[in-house]
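# Observations on the model geometry
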Amino acid sequence: MLINIGYGNVVNSNKVVAIVSPDAAPIKRLVQAAKENKTAVDATQGRKTKSVIITDNHVILSALLPDTIAGRFYPEKGYSDSLYPEKNNMDTEKNTAEKRGTI
């Protein structure tokens, strides 16, 4: 399945290993090494890099946030349901407490 990573660029979801933020020093080193090895793909269209997609053979730079891209992998389930189940549990507990009048 192809996943839109922003601005008309897509990636094969079967090849994706990780989607990470570019801020950490190890990721910066990984990106720099990929550029030197010519395995980096810049899909930012001149915008700021907000996520790094690590695949089997390449490192892809994207201008979309990691959460946005991750949410596109399972759109039928809903992003918050699949990746943050504890958030949904808190919302359910809050709704139950509101119904009881304890909040």
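Residues numbered from 1 in each chain as written. Predicted model: local features only at pLDDT ≥ 70, side-chain atom pairs only at ≥ 80, totals over all residues. Heavy atoms only, no water.

## As for the pairing of strand β6 (residues 59-62)
Here is the rule: To sort residues, take the accessible area from a 1.4 Å probe on protein chains only and compare it with the maximum for the residue type: under 20% means buried, over 50% means exposed, and anything in between is partly exposed. Starting at the N terminus, helices and strands are each numbered in turn, a helix being any DSSP run of H or I of at least four residues and a strand any DSSP run of E of at least two. Only strands joined by at least two bridges in the DSSP assignment are considered to pair.
Neither face of β6 is left uncovered, since the one carrying Val 59 and Leu 61 and the one carrying Ile 60 and Ser 62 both have all their residues buried. Both strand β4 (residues 40-42) and β6 contribute to a ladder of three bridges, which runs parallel. Residue Asp 42 lies in a different strand from β6, and its bridge partner there is Leu 61. As defined by bridge partners, strand β5 (residues 51-55) adjoins β6 across four bridges and the pair is classed as antiparallel. What sits directly across from Ile 53, in β6, is Ile 60. Between β5 and the antiparallel strand that follows it, β6, lie three residues.

## Section: the sheet that holds β6
What counts, and what does not: Axis definition: a line fitted to C-alpha atoms, limited for helices to the stretch in contact. Angles are taken between N-to-C directions and run from 0 to 180 degrees. Working rule for contacts: check all heavy atoms of both residues, and any pair within 4.5 Å makes them a contact.
Read from one edge to the other, the open sheet built from four strands follows the order β3-β5-β6-β4, with strand pairing classed as mixed. Here the strands that pair on one side only, and so sit at the sheet edges, are β3 (16-20) and β4. Averaged over all pairs of adjacent strands, the angle between strand axes in this sheet comes to 20°, irrespective of strand direction. Set on the sheet, helix α1 (residues 25-36) makes contact with β3, β4, β5 and β6; between it and β6 the angle comes to about 115°.

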